[in-house]
Amino acid sequence: MSPLRLLLLALALALAAVPCAQGACPASADLKHSNGTRTCAKLYDKSDPYYENCCRGAELSLEPGADLPYLPSNWANTVSSLVVAPRCELTVWSRQGKAGKTRKFSAGTYPRLEEYRRGVLGNWSNAISALYCRCS
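In this report, we go over the structure that sits alongside the text. Bear in mind the structure is a predicted one, so any value in this text is a computation, not a measurement.

## Points about the side chain of Arg-112
Part 1: Among the structural elements, Arg-112 can be located in the loop between β5 (99–110) and β6 (117–118).
Part 2: A polar contact is formed between the side chain of Arg-112 and the backbone oxygen of Asp-48, at a distance of 2.9 Å.

## Quick notes on the state of the cysteines
Part 1: The full count for this structure, using the stated rule, is three disulfides.
Part 2: Taking only the cysteines that form disulfides and numbering them from first to last, the protein has the pattern 1-3, 2-5, 4-6.
Part 3: Cysteine Cys-54 is unpaired, with the sulfur of Cys-25 as its nearest cysteine sulfur at 5.8 Å.
Part 4: Judged by relative accessible area, which is 0%, Cys-54 ranks as buried.

## So, the pattern of salt bridges
Part 1: As enumerated under the stated definition, the model contains five salt bridges in all.
Part 2: Lys-42 is the partner of Glu-59 in a salt bridge, and the nearest nitrogen-oxygen pair spans 3.2 Å. With a gap of 17 residues between them, Glu-59 in strand β2 (residues 56–62) and Lys-42 in strand β1 (residues 41–46) connect regions that are remote in the sequence.
Part 3: Here Glu-59 falls in the partly exposed class, since its relative accessible area comes to 42%.

## With respect to the pairing of strand β4 (residues 81–95)
Part 1: Burial within β4 is extensive, with twelve of its 15 residues counted as buried.
Part 2: Here β1 pairs with β4 via four bridges, running antiparallel. Residue pairing in the sheet places Ala-41 in a bridge with Val-84 of β4.
Part 3: Pairing analysis gives nine bridges linking β4 to β5, with the strands arranged antiparallel.

## A look at the packing of aromatic side chains
Part 1: Following the criterion strictly, the structure yields three aromatic pairs and no others.
Part 2: Ring centres of Phe-105 and Tyr-110 lie 4.9 Å apart, and the angle between their planes is 70 degrees; this geometry places the pair in the edge-to-face category. Per residue, the accessibility class of Phe-105 equals that of Tyr-110, and both read buried.
Part 3: Taking 5.4 Å as the distance between ring centres and 70 degrees as the angle between the ring planes, the aromatic pair formed by Tyr-110 and Tyr-116 counts as edge-to-face.
Part 4: An aromatic cluster of at least three residues, connected via ring pairs, comprises Phe-105, Tyr-110 and Tyr-116.
Part 5: A cation sits over an aromatic face here: Arg-103 above Phe-105, 4.8 Å from the ring centre.
Part 6: Between Arg-118 and the ring centre of Trp-124, over which it is positioned, the NZ or CZ distance is 6.0 Å.

The rules behind each value
- Residues numbered from 1 in each chain as written.
- Predicted model: local features only at pLDDT ≥ 70, side-chain atom pairs only at ≥ 80, totals over all residues.
- Heavy atoms only, no water.
- Helix = DSSP H or I, 4+ residues; strand = E, 2+ residues; numbered from the N terminus.
- Polar contact = N/O pair within 3.5 Å; in protein donor to acceptor, adjacent residues only side chain to side chain.
- Disulfide = S-S within 2.5 Å.
- Buried < 20%, exposed > 50% of the residue type's maximum accessible area, 1.4 Å probe, protein only.
- Salt bridge = Lys/Arg side-chain N within 4 Å of Asp/Glu carboxyl O.
- Pairing = 2+ DSSP bridges.
- Phe/Tyr/Trp six-rings, centres within 6.5 Å; stacked < 30°, edge-to-face > 60°.
- Lys NZ or Arg CZ within 6 Å of the ring centre and 35° of its normal.

Below, the structure written as structure tokens:
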């Protein structure tokens, strides 16, 4: 194997091993309480153009079956990062009472909600006012 190929292979392996590949966000498979019970999703109020600074700040954990047509006042329109557990789905609405635009987030990590469109001109960062989280 040529030295260039070895160098490229080593670089690819090094990048794959970087723990911040999805930012500071936990992996969706890691959403469990210390006693082993399941968490449906985690919401965060901080994101950043740099992925390693996402999923910071205040954190709201959602249990399976969480149904919040009215988020607490300190969480309404403040969510900017989220993580959904495996075999779970988070449905969000842009207005209180489950009104307005809606989107479903399947299992995975979403460090920057600015990257997910809400209509023609908007995005989902600081736009979630109601939610429902379910797991199968």
